[in-house]
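So the chains spell out like this:
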Amino acid sequence: MSDKMYLYPLWVRIWHGFNALFFLVLLISGISMQYADLKYSFLPFDWAVLSHNISGVGITLAYLFFLVGFVLSDNKRHYKIEVKGLCGRLIRQMQYYLFGIFKGEGSPFPVTAESKFNPLQQTTYVAVLFVLYPMLILTGFPLMFPEIIIDNFFGIGGTLLTALLHSAVGFLSSLFLVIHIYFATIGSTPTSNFKSIINGYHERH
């Protein structure tokens, strides 16, 4: 027997959809540019650059849309991290993911209307949305307009340093995407969480 909670308002679902689309294009075009080969390129280099730039602008606008919704709605309550006892809660959640879930144990932090994220999700989403995303944007736009990058930064070329940082943050974001998709399959059914981000309702047992 299961019941449903409405946890994902329309604006969150719209942002999530566009964000996912733009990120996938950025990932594919970014990998294509990173390992470009004139004979065996995954995408034609000029197409990869153009699609990467367009999606970079798109994901930035989507992120600004998210920030407006975050500030104006009560959805931000789900991102407020309670520092006291955080380490202990993170350890409990990791133990559940590593062992408990395979033993059929219940989640130590079940989803509620007031807290839709467990401590590990909460800290990860905060890190991605408020650290990695700004870094991606702040390093991505200068690469679109390299003339604004300083020539030398403590003996290292500014463009090279910016590109390395952008690639590193992109890799971490891509790693998050893989983990995010995997954990999305851990629900009442393997597809229930995917349905949730479409219809807004979280299904629980």
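Predicted model only: the values in this text are computed from it and were never measured.

Scoring rules and cut-offs
- Residues numbered from 1 in each chain as written.
- Predicted model: local features only at pLDDT ≥ 70, side-chain atom pairs only at ≥ 80, totals over all residues.
- Heavy atoms only, no water.
- Core = buried A, V, L, I, M, F, W, Y, C linked by side-chain atoms within 4.5 Å.
- Buried < 20%, exposed > 50% of the residue type's maximum accessible area, 1.4 Å probe, protein only.
- Helix = DSSP H or I, 4+ residues; strand = E, 2+ residues; numbered from the N terminus.
- Salt bridge = Lys/Arg side-chain N within 4 Å of Asp/Glu carboxyl O.
- Contact = heavy atoms within 4.5 Å.
- Polar contact = N/O pair within 3.5 Å; in protein donor to acceptor, adjacent residues only side chain to side chain.
- 1 Å grid on protein atoms, 1.4 Å probe; cavity = no way out; pocket = protein on both sides within 12 Å on 5 of 7 lines; lining within 4 Å.
- Points joined across faces, edges and corners; volume = space filled by probe spheres on them.
- Nonpolar A, V, L, I, M, F, W, Y, C, P; charged D, E, K, R; others polar.
- Phe/Tyr/Trp six-rings, centres within 6.5 Å; stacked < 30°, edge-to-face > 60°.

**Student:** So, the nonpolar core: which residues are in play, and what are the values?
**Tutor:** Within the largest apolar cluster, 23 residues are counted, with the highest numbers of intra-cluster contacts made by I59, F66, Y79 and Y133. Sorting the residues of this core by element identifies α1 (10–34), α2 (45–72), α4 (119–144) and α5 (158–184) as the ones contributing at least two each. Ranked by residues supplied to this core, first place goes to α4 with seven residues.

**Student:** Any chance you could break down the pattern of salt bridges for me, citing the residues and the numbers?
**Tutor:** According to the stated counting rule, one finds two salt bridges in the structure shown. A salt bridge links R77 to D74, with the shortest nitrogen-to-oxygen separation between them at 3.1 Å. Overall, R77 belongs to the partly exposed group, its relative accessible area being 27%. Accessibility expressed as a relative area gives 55% for D74, which makes it exposed. Taking the shortest distance from any N to any O, the salt bridge between E114 and R77 comes out at 3.3 Å. In this pair, E114 is assigned in the loop between α3 (86–98) and α4 and R77 in the loop between α2 and α3, connecting sequence segments 37 residues apart. Exposure remark for E114: the relative accessible area of 57% places this residue in the exposed category. The network of salt bridges with shared partners includes D74, R77 and E114.

**Student:** Provide a residue-level description of the environment of S51, including the pertinent values.
**Tutor:** Tracing the sequence through the fold places S51 in helix α2. Given a relative accessible area of 21%, S51 falls into the partly exposed group. Measuring from C-alpha to C-alpha, the distance between S51 and I31 comes to 12 Å, with 20 residues separating the pair along the chain. Other than its neighbours up to four places away in sequence, S51 contacts V25 and S29. Separated by 3.1 Å, the side chain of S51 and the backbone oxygen of A48 make a polar contact.

**Student:** I'd like a description of the layout of surface pockets, backed by residues and values.
**Tutor:** Empty space left among the atoms is revealed by rolling a probe the size of a water molecule over them. Within this model, the second largest pocket holds a volume of roughly 930 Å³. Around the second largest pocket, the lining comprises 28 residues; the ones closest to its centre are L26, G30, M33, H52 and H166. For the lining of the second largest pocket, the secondary structure elements donating two or more residues are α1, α2, α4 and α5. Here the residues of the lining of the second largest pocket sort into 17 nonpolar, eleven polar and no charged.

**Student:** Give a detailed account of the side chain of H52, specifying residues and quantitative values.
**Tutor:** Mapped onto the elements of the fold, H52 is located in helix α2. The class of H52 is buried, set by a relative accessible area of 16%.

**Student:** A description of the environment of L90 should follow, citing residues and the corresponding values.
**Tutor:** Mapped onto the elements, L90 comes out in helix α3. Its relative accessible area of 17% is what places L90 among the buried residues. If we skip the residues at most four places from it in the chain, L90 touches P119, L120 and T123.

**Student:** An account of the packing of aromatic side chains is requested, with residue identities and associated values reported.
**Tutor:** Following the criterion strictly, the structure yields 19 aromatic pairs and no others. With centroids separated by 6.3 Å and ring planes inclined at 80 degrees, the aromatic side chains of F66 and Y79 adopt a geometry described as edge-to-face. Placement of the pair is F66 in helix α2 and Y79 in the loop between α2 and α3, with a sequence separation of 13 residues. For F66, a relative accessible area of 1% translates into the label buried. Consider the rings of F70 and Y79, whose centres lie 5.6 Å apart with planes at 70 degrees: the pair is edge-to-face.

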